[in-house]
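Here is how the chains run, residue by residue.
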Amino acid sequence: LPEFGLVSADAEHIEGEILDVALDACRRGEVRRAMALFKAIREQLDPPQRLLDVIIGYERSGCLVPDRLLDSWGMQLGVGWDSNVSQGISARSMTLGSGLNAVELELGDVYQPKPSAYSVLGMDRRFKLGTHGIAQVAFQHRDNPSVPALDVTNLAATAAFPFIWGGRPGRVQAEVSQAWLGGSHYQQATSAVVQWLLNGGTQPWIFNFATTRSTYFAQPSQDAQQTEVGIWREKQIDPTWGVFGGVSAHFDQARNLRPGGSRSGWHYQLGATVGWSEWKIQPRLSVLRWHSSDVFSPGLIDVVRMHNLTQLALQMSRPVSQDQKVVIDWRI
């Protein structure tokens with residue numbers, strides 16, 4: 001998801017924000033927005049000379065990202081605790097059927113939430129693709145010592161290219177990924193994403209379109225084509241804080257005989273980014289609602305499945321050097 005820049009007046013923090021935000025805008029083809037960020041830093045925040053030289057270099061080059069930033073390695077290390085790794089349910093029973101034919105069944109411990117500490121290791125390699133393209137290969141593994149059957153490994157390859165349409169910039173991205181669950185090949189996904197600015201302002205509305213084709217090796221009945229269409233808006237109130245949000249429609253087409261058939265729904269997001277000393281603080285609220293087109297199992301579970309997920313997240317990050325930062329993430 002898009003992020004904000006200019007959240008702190010501290011020179012070292014701003015330098016990290018320029019690399020994270022203005023350069024990302026350059027990669028997406030959002031030259032006007034990147035130039036506006038550079039201009040605001042020069043005129044409002046009195047940056048040190050070394051940062052000023054970097055800004056001038058980008059402005060003179062027309063927002064071309066230096067090769068050294070596009071040909072680099074990245075690493076992620078993390079630890080945490082998850083109260084529900086298995087995404088289980090706290091209910092001890094469920095009812096099958098309805099009316100006089102209803103039968104109540106007791107659920108075993110396998111359906112209960114399973115907690116675990118976890119550790120995450122991630123690595124990625126980013127490099128140029130042609131004149132303006134960006135490519136990335138990424139690996140990530142999450143280890144759950146208390147629930148090793150739910151250890152997750154992901155491998156993904158991504159390519160992104162900027163474009164201009166209707167006089168406004170955009171970005172198209174393609175990705176192929178593989179996932180392993182508990183050491184077994186679990187999922188393959190192929191996706192395409194298009195982002196395009198709906199207006200020409202420095203803080204514009206952004207149109208998003210994404211579609212993903214998923215194949216599940218052990219559960220082919222879950223194979224699906226998922227499509228999302230929506231809009232996103234970022235607004236910087238002043239150099240220390242801003243708000244963001246978006247709404248999107250979701251369409252999940254079942255490719256095989258999935259219980260409940262296809263699904264449709266909406267996704268709402270709202271959040272803010274605040275600069276406090278060296279920290280960037282980002283609270284975020286996410287609400288996902290969808291329903292199935294058919295009953296889950298005719299004659300057995302005669303109900304249409306309704307999914308309601310509300311998540312509150314708080315992320316805090318702080319740079320520890322030019323190329324490293326610490327991130328604290330809490331979700332409920």
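What counts and how
- Residues numbered from 1 in each chain as written.
- Predicted model: local features only at pLDDT ≥ 70, side-chain atom pairs only at ≥ 80, totals over all residues.
- Heavy atoms only, no water.
- Helix = DSSP H or I, 4+ residues; strand = E, 2+ residues; numbered from the N terminus.
- Buried < 20%, exposed > 50% of the residue type's maximum accessible area, 1.4 Å probe, protein only.
- Areas by Shrake-Rupley, 256 points an atom, 1.4 Å probe, with all protein chains shown as cover.
- Polar contact = N/O pair within 3.5 Å; in protein donor to acceptor, adjacent residues only side chain to side chain.
- Contact = heavy atoms within 4.5 Å.
- Phe/Tyr/Trp six-rings, centres within 6.5 Å; stacked < 30°, edge-to-face > 60°.
- Lys NZ or Arg CZ within 6 Å of the ring centre and 35° of its normal.
- Salt bridge = Lys/Arg side-chain N within 4 Å of Asp/Glu carboxyl O.
- Patch = residues over 30% accessible without salt bridge, like charges linked within 9 Å, V, L, I, M, F, W, Y side chains within 5 Å.
- Pairing = 2+ DSSP bridges.

Enquirer: Run through the overall build of the protein, naming residues and quoting values.
Expert: If you tally the helices and strands in the protein, you get four helices and 15 strands. Within the protein, buried positions represent 35% of all 332 residues. Element-wise, carbon and sulfur atoms account for 58% of the exposed surface of the protein, whose accessible area totals about 18,700 Å².

Enquirer: How would you explain the side chain of N144 if you had to name every residue and give the values?
Expert: Here N144 shows up in the loop between β5 (133-143) and β6 (152-165). Within the local environment of N144, its side chain forms a polar contact with the side chain of R142, the two groups lying 3.1 Å apart.

Enquirer: Describe the side chain of S317, and please don't skip the residues or the numbers.
Expert: Among the secondary structure elements, S317 is positioned in strand β14 (residues 301-321). If we ignore the near neighbours within four places in the chain, the residues touching S317 are E278, W279, K280, V326 and V327.

Enquirer: Lay out the environment of H185 in plain terms, naming residues and giving numbers.
Expert: Among the secondary structure elements, H185 is positioned in strand β8 (residues 184-197). For H185, a relative accessible area of 35% puts it in the partly exposed group. Placed 32 residues apart in sequence, H185 and F217 show a C-alpha to C-alpha distance of 6.9 Å. Ignoring sequence-local partners within four residues, the contact set of H185 consists of Q178, A179, W180 and F217. Side-chain polar atoms of H185 contact the side chain of Q178, separated by 2.7 Å.

Enquirer: Explain the packing of aromatic side chains to me, using residue names and the numbers behind them.
Expert: Applying the stated criterion across every chain, the model contains three aromatic pairs. Here W232 and F244 contribute two aromatic rings whose centre-to-centre distance is 5.5 Å and whose plane-to-plane angle is 25°, an arrangement assigned as stacked. Here the residue W232 occupies a position in strand β10 (residues 224-238), and F244 occupies one in strand β11 (residues 241-254), the gap between them amounting to twelve residues. For R142, the ring lying beneath its charged end belongs to Y118, and the centroid distance is 3.9 Å.

Enquirer: Now, about the pattern of salt bridges: what can you tell me, with residues and values included?
Expert: What the rule picks out here adds up to five salt bridges. For R142, the salt bridge goes to D82, with nearest N and O atoms at 3.0 Å. Pair noted here: R142 is in strand β5 and D82 is in strand β1 (residues 72-82), with a separation of 60 residues, a long-range link. Looking at R142, the relative accessible area reads 22%, which means it is partly exposed. Overlapping salt bridges bring together D252, R258 and R263 as one network.

Enquirer: Give a detailed account of the environment of M123, specifying residues and quantitative values.
Expert: By the element assignment, M123 lies in strand β4 (residues 116-129). With relative accessibility at 34%, the residue M123 sits in the partly exposed group. The spacing of M123 and H141 is 18 residues in sequence and 9.3 Å in space, taken between C-alpha atoms. When sequence neighbours within four positions are dropped, the list of residues in contact with M123 reads W73, G74, M75, V137, A138 and F139.

Enquirer: Any chance you could break down a nonpolar patch on the surface for me, citing the residues and the numbers?
Expert: A cluster of nonpolar side chains, contributed by W73, M75, L77, L121, M123, V137, F139 and L155, occupies part of the molecular surface with about 800 Å² of accessible area. Looking at the nonpolar patch, the elements with two or more residues in it are β1, β4 and β5. Broken down by element, the residue count for the nonpolar patch peaks at three residues, all from β1.

Enquirer: Talk me through the pairing of β5; I want residue IDs and the actual numbers.
Expert: Each regular strand carries side chains that alternate between the two faces of the sheet. By the bridge criterion, eleven bridges tie β4 to β5 in an arrangement that is antiparallel. In the strand pairing of β5, R126 is matched with Q136. One ladder, built from nine bridges, connects β5 with β6; its direction is antiparallel. What sits directly across from I134, in β6, is A160.

Enquirer: Give me the lowdown on the environment of T227, citing residues and values where you can.
Expert: Looking at where T227 falls in the secondary structure, it is placed in strand β10. Sequence separation between T227 and S191 is 36 residues, and the spatial gap between their C-alpha atoms is 9.5 Å. Excluding its chain neighbours within four sequence positions, the residues that come into contact with T227 are F209, A210, T211, A249, H250 and F251. Side chain to side chain, T227 and T211 meet in a polar contact 3.3 Å long.

Enquirer: Hey, could you go over unusual backbone geometry for me, with residue numbers and the actual values?
Expert: Non-glycine residue Q87 carries a positive phi angle of around 55°. Relative to the helices and strands, Q87 resides in the loop between β1 and β2 (93-96). Non-glycine residue S277 carries a positive phi angle of around 55°. Relative to the elements of secondary structure, S277 occurs in the loop between β12 (263-276) and β13 (279-297). We classify S277 as exposed; its relative accessible area is 52%.

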